[in-house]
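# Notes for the structure review
Residues per chain are reported as follows:
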Amino acid sequence: MIKVCKFGGTSMADGTTVRRVAAILESDPERKYVVVSAPGKRYGADVKVTDLLYETHAEVAETGKCGPSYMKVCERFESVARELGLPSPAELLAETGREIEREKSADFTASRGEYLCARLVSGFLGVPFVDARDVVKFTPDGKLDGPRTFALTAAALAGKERAVLPGFYGEGADGKVKTFSRGGSDISGAILARAVGADLYENWTDVSGFLAADPRVVASPAPIEMLSYRELRELSYMGADVLHSESIFPVREAEIPVRIKNTFRPGDEGTLIVPVSRYRYTGRAVTGIAGKKNFTVILLEKALMNAEIGFTYRVLEVLYRHNISFEHIPSGIDTMSFVIDSEAIGGVLDEVCAEIRAAARPDSMRVFNDIALIAVVGHGMSRTIGISARLFDAIARAGVNVRMIDQGSSEIDIIVGVENAQYERTIRAVYEEFFDKTDD
Ligand code: ASP
């Protein structure tokens, strides 16, 4: 058995947490390959090393030199090294500072948190370091070059019993360091698991897996023991942020299961994420509820829209020209709604609406702001009769007006649009209906 383990920022926050990680690795010889994040917060008001590095980049852009933020980065790594009884990394930090000043790139600067952390952890564990820059490659259009990355990673690890790799970055087609989006070390771990053909990808974080709802909204929500890749994708896309929403792609193709584990409660089972073929139906109709606020809905109405060729095309063409992506397009016979992230369309809403009016000539157009979307997700929904009735009945009983419904085509989720102000109330009502009742 080969297990690939990714440890997040809180697991790397200081010497004590790194020692925990070492103990977790030692307790299971199958945990051979490790991906690390940059040191995260040690306490609530602390600053993540990655954020200090983005500040460093701003300082270098302004003055040409690393400033106080990089000093703070150096202090963080000096103190981790001291706590681990390692020699001072002063020379490595100074050299990295000079590289940051030379490269002047945000991606390069931000990537150094993972780089330095992996160097330190590799020294502490006595396990070889492999630089992600040498093995994780991007295509000229900025996408992960999967085949090349998997081959290079497998080749670099051949003959290595164990290894430590930095997460979050690789190398672009221009030969420069390029990062994934924030939280991207999860993707790096998935890439590594895929490249070595791991039996399990363990993602170690500071929570014991996914919960059936956001604990800031619902008091003590039930933990989710098992999720399918598809359910995970729906939940994390809609805001459940335990795992980066793109990290599933590399492992899904090879059907490698993922287990979310808690570094601070290693005995907890966590959540196991599996392909649908290995999914064990729990008897519960709904697996989880997630949601996001702040969407704008543009509702268009036109008689005989269904018979008009090119209507949607003309609307989408306007969005495309403004480089705006949409989240959903629920549609009826003569109506169609475009659900768009409010932040993405905010500054150009009036312009976009005028262009849509001119291009698609709808009979009417209405815009709703401050809409929240709530996704109710679960494979059990399609096997259970009456789920939507129960769902909408629960929402109605809570006195919430549903502004939009999208059952989607995936059968495993129903998306409900409500006003931002009703977001929490709706989630609580749905949770109570499907989790607090015993008749499930
Ligand atoms: N350190 C990076 C971030 O803060 C990447 C990661 O932790 O996954 O986003």
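See the structure shown above.
This report concerns the structure included in the present document. (Residues numbered from 1 in each chain as written. Predicted model: local features only at pLDDT ≥ 70, side-chain atom pairs only at ≥ 80, totals over all residues. Heavy atoms only, no water.)

## Considerations on the overall build of the chain
We count it as follows: The numbering of helices and of strands both runs from the N terminus, where a helix is a DSSP run of H or I of at least 4 residues and a strand a run of E of at least 2. A radius of gyration in this sense is built from C-alpha atoms; the matching globule rule multiplies 2.2 Å by the number of residues raised to 0.38. Relative accessibility under 20% of the residue-type maximum defines a buried residue, over 50% an exposed one, and the middle range a partly exposed one, all with a 1.4 Å probe and only protein chains included. Contact criterion: two residues are considered in contact whenever any of their non-hydrogen atoms come within 4.5 Å of each other. Accessible areas in this description were obtained via Shrake-Rupley with a 1.4 Å probe; residue shielding takes into account the shown protein chains only. The charge count treats Lys and Arg as positive and Asp and Glu as negative. His and the chain ends do not count. The atom standing in for a charge is NZ when the residue is Lys, CZ when it is Arg, CG when it is Asp and CD when it is Glu.
In terms of helices and strands, the chain carries 16 helices and 14 strands. The globule rule puts the C-alpha radius of gyration for 440 residues at 22 Å, and the 24 Å found for the chain is close to it. Dimensions of the chain along its principal axes, counting C-alpha atoms only, are 70 × 55 × 40 Å. Looking at the 440 residues of the chain, the share that counts as buried comes to 53%. Of all intrachain contacts in the chain linking residues separated by at least 6 positions in sequence, the fraction that spans at least 24 positions is 74%. Working note: accessible area of the chain is about 19600 Å², and carbon and sulfur atoms make up 50% of it. Each charge sign in the chain was given a centre, from 53 positive and 63 negative side chains, and these centres are 2 Å apart.

## Remarks on the nonpolar core
Applicable threshold: To qualify as a nonpolar core, a set must consist of buried Ala, Val, Leu, Ile, Met, Phe, Trp, Tyr and Cys residues joined through side-chain atoms within 4.5 Å.
Ranked by size, the top nonpolar core spans 112 residues in total, and within it Phe-7, Phe-210 and Ile-273 carry the most contacts. If sequence neighbours within four positions are ignored, Ile-273 has contacts with Phe-210, Leu-227, Ser-228, Tyr-229, Leu-232, Leu-243, Ile-248, Pro-257, Val-258 and Ile-260. Residues Ile-324, Phe-338, Val-352 and Ala-360 belong to the second largest nonpolar core, which totals 18 residues.

## Some details on the sheet that holds strand S12 (residues 364-377)
Put simply, the rule reads: Two strands make a pair as long as DSSP finds a minimum of two bridges between them. Fitting a line to C-alpha atoms yields each axis, with helices limited to the stretch in contact; the angle taken between N-to-C directions then spans 0 to 180 degrees.
Strands sit in the order S11-S10-S12-S14-S13 across an open sheet of five strands; the sheet is antiparallel. Two strands bound the open sheet, and with one partner strand each, they are strand S11 (335-341) and strand S13 (404-406). Within this sheet the neighbouring strands show an average axis-to-axis angle of 35°, counted without direction. Pairing analysis gives seven bridges linking strand S10 (residues 288-301) to S11, with the strands arranged antiparallel. Counted as the bridge partner of Phe-295 is Asp-341 from S11. Sheet contacts for helix H9 (residues 229-237): S10, S12 and strand S14 (413-419); angle to S10, the most-contacted strand, approximately 70°. With respect to the sheet, helix H13 (residues 349-360) is in contact with S10 and S12, its orientation differing from that of S12 by roughly 110°.

## Focus: empty space enclosed by the protein
Note the cut-off: Put simply, the grid is 1 Å and covers the protein atoms alone, a cavity is a trapped set of points that fit a 1.4 Å probe, a pocket is an open set with protein on both sides within 12 Å along at least five of seven lines, and lining residues have an atom within 4 Å of a point. Grid points are joined across faces, edges and corners, and a volume is the space filled by probe spheres set on the points. Throughout, the ten residues Ala, Val, Leu, Ile, Met, Phe, Trp, Tyr, Cys and Pro are labelled nonpolar, Asp, Glu, Lys and Arg are labelled charged, and all others, Gly among them, are labelled polar.
Taken as a whole and assessed by the stated rule, the structure comprises two cavities of 30 Å³ or more. A volume near 50 Å³ is recorded for the largest cavity. What lines the largest cavity is simply Val-35, Ala-132, Val-136, Thr-153, Leu-165, Pro-166, Ser-188, Ile-191 and Leu-192. For the lining of the largest cavity, the elements supplying multiple residues, two or more each, are strand S3 (163-166) and helix H8 (185-196). Here the element with the most residues in the lining of the largest cavity is H8; it accounts for three residues. Among the residues making up the lining of the largest cavity, the classes are represented as seven nonpolar, two polar and no charged. Taken as a whole, the second largest cavity holds about 40 Å³ of empty space. Together, Met-12, Val-18, Pro-39, Val-80, Cys-117, Leu-120 and Val-121 line the second largest cavity. It is helix H5 (residues 106-125) that contributes the most residues to the lining of the second largest cavity, three residues altogether.

## With respect to the site of the ligand
Rules: One heavy atom suffices: a residue is near a molecule or strand as soon as one of its heavy atoms comes within 4 Å of it. As used in this structure description, the phrase polar contact means that two N or O atoms lie within 3.5 Å; if the pair is within protein, one of them must be able to donate a hydrogen and the other to accept it, and residues adjacent in sequence are counted only when both atoms belong to side chains.
The environment of the ligand is made up of Ser-37, Lys-48, Thr-50, Glu-114, Phe-168, Arg-182, Gly-183, Gly-184 and Ser-185. One of the side-chain N or O atoms of Ser-37 is found 3.0 Å from an oxygen atom in the ligand. At 2.6 Å from a nitrogen atom of the ligand is found a side-chain nitrogen or oxygen belonging to Glu-114. For the ligand, whose free accessible area comes to 260 Å², the fraction covered by protein is 95%. Here the residues of the shell around the ligand sort into one nonpolar, five polar and three charged.

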